[in-house]
Every structure is written in C-alpha cells, then in structure tokens.
Amino acid sequence: MMQNYETLAALPKDKLISLIEIYSKNWLAMDGVWFQSVERKCGMEEAMFHDEEAWKIFTAIEARRIKAFLGLPEQAGLEGLAKALQFRFYANLNRHEIAIQGNTLIYRVLDCRVQTARKRKQMELHPCRPVGIVEYAGFAKVIDSRISCTCLSCYPEIHDFTCCCAWQFTLEE
C-alpha cells in the first residue's frame, strides 16, 4: 500500500503545481462556502464576526508555517514579508504586486477571486476591510513583530480603483 507522500513524490513537477492550484481553489471554496452559509442564515454582520475570529487564528498558523518553510529569521523584515506573502494559500490565485521602498512595503491585490465570484453570483461584495486588517496585520506580526499594517484601500472603503485592495506594511525600527 502506498502512502500519500509516495503518491505525491511520484508526480512530475507540472502535476504538483497543478495540484497546488487545485488545493488552493478548494481551500478558498471552503472558506467561501462556510462564510456564505452563515451569511444566509444569520446575516452579513454575524458572518463577518466569525470570519474575523477564524482569520485571527488561521493567519498566525499560516504565517508560522510559511516562515518555518522558508527558513526566515525571527525578525525577517520587509524582504521576509514580501517573500512570505507570495507563499500564502491564495497567492497563486489572486494576481498581486509587491513594492518595497525604504521601510514600507505596499501589497496590492490586482485581481481578487472572492470578489470576482461574488460579482458573478450577483451578490453584494464582501466587505473584507475589517477581516483584511486582522488577517494582514496578524500575518505580518508573525513574520516580524516590528511590522505594522495599514489598509490603503479595501471594500467597502475603496480609495484606489486600480486594484481590489491595497495594504501598507511599515517596519518600525
């Protein structure tokens, strides 16, 4: 009998990359399915409460695992954060850009799979700003405790119409 590791190890690189994309889509679908279930039954406010609570815990778990996987130091700085952001579960699903200038990193999501799906289903856009603040700030703090996060633009407070959302990370020395 084969173990899962042996099954995965036998796959060629292109199949493994495709499988990562499938896993990412499955994870994002599950995230959306549970959220929409709570949203339908209890309303957006209740769904957002549970979303924030889940992200407080999940984002720290995700950041710790990515940090260990990449072998990042305890205080990984903005360069470490830039690298780690590119390994998040949905990073290969959403088109994004990262720019570092001095002690600031700007992360912009150019195409968001969640908002695209909600538009397609003719649903209200996901008011992700409050959850995004919890998610991105929490992720950054695990990568480097000196990094703070500010939302530049995110639904429902859009200030930059050239992207879906934009986040500023500042390294406090």
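My aim in this report is to walk through the structure given alongside it, one point at a time.

Here is what the cut-offs are and how they apply
Residues numbered from 1 in each chain as written. Predicted model: local features only at pLDDT ≥ 70, side-chain atom pairs only at ≥ 80, totals over all residues. Heavy atoms only, no water. Patch = residues over 30% accessible without salt bridge, like charges linked within 9 Å, V, L, I, M, F, W, Y side chains within 5 Å. Areas by Shrake-Rupley, 256 points an atom, 1.4 Å probe, with all protein chains shown as cover. Salt bridge = Lys/Arg side-chain N within 4 Å of Asp/Glu carboxyl O. Helix = DSSP H or I, 4+ residues; strand = E, 2+ residues; numbered from the N terminus. Buried < 20%, exposed > 50% of the residue type's maximum accessible area, 1.4 Å probe, protein only. Contact = heavy atoms within 4.5 Å. Axes fitted to C-alpha atoms, helices over the stretch in contact; angles between N-to-C directions. Parallel < 35°, antiparallel > 145°, perpendicular 65-115°, else oblique. Left-handed = near helix turned anticlockwise from the far one by under 90°. Lys, Arg positive; Asp, Glu negative; His and termini not counted. Charge placed at Lys NZ, Arg CZ, Asp CG, Glu CD.

Moving on, we get to a nonpolar patch on the surface. A contiguous nonpolar surface patch, about 280 Å² in accessible area, is contributed by I22, Y23 and F89. Looking at the element boundaries, I22 is found in helix α2 (residues 13–42). Residue I22 is classed as partly exposed on the basis of its relative accessible area of 45%.

The next point concerns helix α4 (residues 77–85). In terms of residue burial, α4 counts as a mostly covered element, since seven of its nine residues are buried. Regarding α4, the residues found buried are G77, L78, G80, L81, A82, A84 and L85. Structurally, α4 contributes buried residues whose contacts are with α3 (44–70), β1 (95–101), β2 (104–111), α6 (129–143), β3 (147–154) and β4 (165–171).

So, about the packing of α3 against α6. Each packed pair of helices is defined by two parameters, the angle between the axes and the distance between the axes. One can describe the packing of α3 onto α6 by two numbers: an axis separation of 8 Å at closest approach and a directional angle of 25°. Comparing the axis directions of α3 and α6 gives the class roughly parallel. Relative to α6, α3 is oriented so that their crossing is right-handed. For the pair α3 and α6, the contacting residues are M48, D51, E52, W55, K56, T59, A60, E62, A63, R64, I66 and K67 in the first and P130, V131, V134, E135, G138, F139, V142 and I143 in the second.

Another point: a positive patch on the surface. Taken together, the side chains of R40, R113, R120 and K121 define a basic patch exposed on the protein surface. Looking at where K121 falls in the secondary structure, it is placed in the loop between α5 (113–120) and α6. Given the relative accessible area of 48%, K121 is considered partly exposed.

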